[in-house]
Amino acid sequence: MKTIVLGAGIIGISTAWHLLERGHEVVVVDRQPDAALETSFANAAQISVSYCEPWANRAAPWKALKWMFDKEAPLLLRPQLDWEQWRWCLKFLAQCNDTAFERNVQQIVALGAYSHAALKDVVRATGIQYHRLECGIAHFYSDQKSLDEAGHAVEVMRKFGVQRRLVSRAELLQIEPAFSAYGERITGGTYTSTDESGDARLFTQQLARRCAERGAQFLYGHDVLRLNKTGNTIDSVAVSAIQSGATGQKHSILKGDAIVVACGSYSAPLLRSVGVDLPIYPGKGYSATFPLLRPEAAPLVSAIDDGKKLAMSRLGDVLRVAGTIELGGFDLSLDNPVAKARCHLLSRRIEEVLPGVCDTRTPEQ
Ligand SMILES: Cc1cc2nc3c(=O)[nH]c(=O)nc-3n(C[C@H](O)[C@H](O)[C@H](O)COP(=O)(O)OP(=O)(O)OC[C@H]3O[C@@H](n4cnc5c(N)ncnc54)[C@H](O)[C@@H]3O)c2cc1C
């Protein structure tokens, strides 16, 4: 069976690996020159199986409204003249109640447990090294109200078997002493020892090499233009090679017995054109990777600064800080006041929480 996988991010490549395991002939298509060069490039590096707390909760709509004019807000809604954005927001709102919260936690827990087991299998089978740290994930809170809300979420999660627990400030600092300099401002936290961290790009690129060794064909530098439908079946994909300076685009048609669409948030418009409606809207996050000045003072436990919705993860001799979300359409720009403020927040917050630990003047690519 020939399967075409569209997208060489962590999802597309992991899917390609599992398809090869099941004996498929696999072709992977991506517009970039290598795997993991878009969302999977520099995420917050958390394998947060237990971060099964949906952002849609009863407090979220009010927080989102309050934050609308705050450039540094953890969740920033930038209203657009775009029906897809409003449709997505309405669906999100419909989930902002306790019943939906509990149902969604249960489903995310199940998906997380399955994904974690699958990840461990791949790592065992391939021996891939990706700065994996099995030190757990801690969340820290800077105000009592947020900590109380976290306590409620912990109760719901524990009900479904997640080993997350509420910890005092003292316990948190014992689990990760690197946060001691900021300790006075921490109200308390949560900790899940079974969570991990690791570099998504390293993992994905190495797995892509293993897929190629097992016979997968890679069409990098190819744009997916459209899916072609015959009757009720999507049986082929139109792609074009991206050639710099080329005058005309060269199209070709790839035929497959099955097609996997793993193009991240771009999957939604692609599939909409063939009548498949996914409730996916792009969320823009920010990420910076700083060299360590004092490795001995840097955290090993991956952490989430809940008030800012920023995650910090140690990846060898660098620290990755990433997070926040902005809902304003497909926008990758960094040269506007909102993006500048949010980029600045990353380095400023690291200096507040881990003073002098990283060189925040020189983020890496
Ligand atoms: C700031 C930030 C921090 C995050 N932190 C974490 C974290 O700590 N832990 C976690 O689990 N998740 C985290 N995430 C989410 C996680 O990174 C994403 O869910 C994941 O990387 C998505 O992988 P993907 O393969 O679906 O998409 P992508 O990695 O974006 O891959 C999609 C691929 O499709 C290709 N593509 C798209 N359209 C086309 C087209 N038309 N033609 C050809 N190719 C196309 C792209 O080039 C890309 O390579 C974070 C996200 C952000 C933004």
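A brief look at the structure comes next. Nothing here was measured: the structure is a model prediction, and the numbers come from that model.

With that out of the way, let us pick up the overall build of the protein chain. The helix and strand tally for the protein chain stands at 9 helices and 17 strands. Here the C-alpha radius of gyration of the protein chain, 21 Å, is about what a compact globule of 365 residues would show, namely 21 Å. The principal-axis extents of the C-alpha atoms in the protein chain amount to approximately 60 × 45 × 45 Å. Here the protein chain displays about 17,900 Å² of accessible surface, and carbon together with sulfur accounts for 55% of that area.

Okay, the environment of Arg164 next. With respect to the element layout, Arg164 can be found in strand E6 (residues 164–168). Since its relative accessible area comes to 2%, Arg164 is described here as buried. For the pair Arg164 and Ala138, spaced 26 residues apart in the sequence, the C-alpha separation amounts to 9.2 Å. The residues touching Arg164, leaving out its near neighbours within four places in the chain, are Ser50, Tyr51, Cys52, Glu53, His139, Val154, Met157, Arg158, Thr190, Tyr191 and Thr192.

Let us look at the site of the ligand. Among the 25 residues in the neighbourhood of the ligand, the closest are listed as Asp30, Thr39, Ser40, Gln46 and Val224. Contact distances for the ligand include 3.2 Å between an oxygen atom and a backbone N or O atom of Ile10. Calculation on the ligand without its partners gives an accessible area of 1,000 Å², and the protein chains cover 79% of this total. Elements that contribute at least two residues to the shell around the ligand include exactly helix H1 (10–21), strand E10 (222–230) and strand E14 (284–291). Among the elements that take part in the shell around the ligand, E10 stands out by supplying 3 residues, more than any other. Its residues assigned to classes, the shell around the ligand comprises 10 nonpolar, 11 polar and 4 charged. Shared between two domains, the shell around the ligand holds at least three residues of each, these being domain 1 (2–41 + 202–272) and domain 2 (46–197 + 281–353).

Below, the discussion takes up the layout of surface pockets. Space left empty within the atom packing is revealed by a probe, the size of a water molecule, rolled over the atoms. Empty space within the second largest pocket amounts to approximately 680 Å³. What lines the second largest pocket is a set of 28 residues, among which Asn57, Ala59, Lys63, Glu149 and Lys309 lie closest to the centre. Sorting the residues of the lining of the second largest pocket by element identifies helix H2 (60–66), helix H4 (98–126), strand E5 (137–141) and helix H5 (144–159) as the ones contributing at least two each. Examining the composition of the lining of the second largest pocket, we find that 6 residues originate from one element, H5, more than from any other. Of the residues in the lining of the second largest pocket, the class split is 12 nonpolar, 6 polar and 10 charged.

Quick look at the pairing of strand E17 (residues 318–327) now. In the case of a regular strand, side chains alternate between the two sheet surfaces. Taking burial as the measure, the 10 residues of E17 include 8 buried ones, the bulk of the element. Where strand E4 (residues 75–77) lies against E17, 3 bridges are found, and the strand directions are parallel. By the bridge assignment, Leu75 is partnered in E17 with Ile325. Here E14 pairs with E17 via 7 bridges, running antiparallel. Directly across from Tyr286, in E17, lies its bridge partner Gly323. Strand direction decides the pairing type here: strand E16 (residues 310–315) and E17, joined by 6 bridges, are antiparallel.

Attention shifts here to the sheet that holds strand E9 (residues 217–219). Spatially, E9-E2-E1-E13 is the arrangement adopted by the 4 strands of the open sheet, whose pairing is parallel. This sheet does not close on itself; its edge strands, each paired only once, are E9 and strand E13 (258–261). Here the strands of the sheet are splayed against their neighbours by 20° on average, with no regard to which way each runs. Direction of pairing for strand E1 (residues 2–6) relative to E13: parallel, over a ladder of 4 bridges. Residue pairing in the sheet places Leu6 in a bridge with Val261 of E13. Sheet strands in contact with H1 are E1, strand E2 (25–29), E9 and E13, and its direction is about 170° off that of E2.

Pairing in this open sheet of 3 strands is antiparallel, and the strands run E10-E11-E12 from one edge to the other. Of all the strands in the sheet, the pair left with one neighbour each is E10 and strand E12 (251–255). Taken over all neighbouring pairs, the strand axes of this sheet differ in orientation by 30° on average, direction set aside. Relative to E12, strand E11 (residues 233–241) is paired through 5 bridges, and the arrangement is antiparallel.

Our focus in this paragraph is the side chain of His24. Among the structural elements, His24 can be located in the loop between H1 and E2. Residue classification places His24 among the buried residues on the basis of a relative accessible area of 18%. Of note is the side chain of His24, whose polar atom sits 2.8 Å from the side chain of Thr3. Not counting the four nearest positions on each side in its chain, His24 is found in contact with Met1, Thr3 and Leu19.

Further remarks concern the side chain of Ser313. Following the sequence through the fold, Ser313 ends up in strand E16. Among the polar contacts listed, one links the side chain of Ser313 to the backbone oxygen of Ala44, at a separation of 2.7 Å. Polar side-chain contacts of Ser313 include one of 2.8 Å to the side chain of Ser302. Apart from residues lying up to four places away in sequence, Ser313 is in contact with Ala44, Ala45, Gln46, Ser197, Ser302, Val318, Leu319 and Arg320.

Calculation notes
Residues numbered from 1 in each chain as written. Predicted model: local features only at pLDDT ≥ 70, side-chain atom pairs only at ≥ 80, totals over all residues. Heavy atoms only, no water. Helix = DSSP H or I, 4+ residues; strand = E, 2+ residues; numbered from the N terminus. Rg over C-alpha atoms; globule rule 2.2 N^0.38 Å. Areas by Shrake-Rupley, 256 points an atom, 1.4 Å probe, with all protein chains shown as cover. Buried < 20%, exposed > 50% of the residue type's maximum accessible area, 1.4 Å probe, protein only. Contact = heavy atoms within 4.5 Å. Near = heavy atom within 4 Å. Polar contact = N/O pair within 3.5 Å; in protein donor to acceptor, adjacent residues only side chain to side chain. Nonpolar A, V, L, I, M, F, W, Y, C, P; charged D, E, K, R; others polar. Domains from an automatic or database assignment. 1 Å grid on protein atoms, 1.4 Å probe; cavity = no way out; pocket = protein on both sides within 12 Å on 5 of 7 lines; lining within 4 Å. Points joined across faces, edges and corners; volume = space filled by probe spheres on them. Pairing = 2+ DSSP bridges. Axes fitted to C-alpha atoms, helices over the stretch in contact; angles between N-to-C directions.

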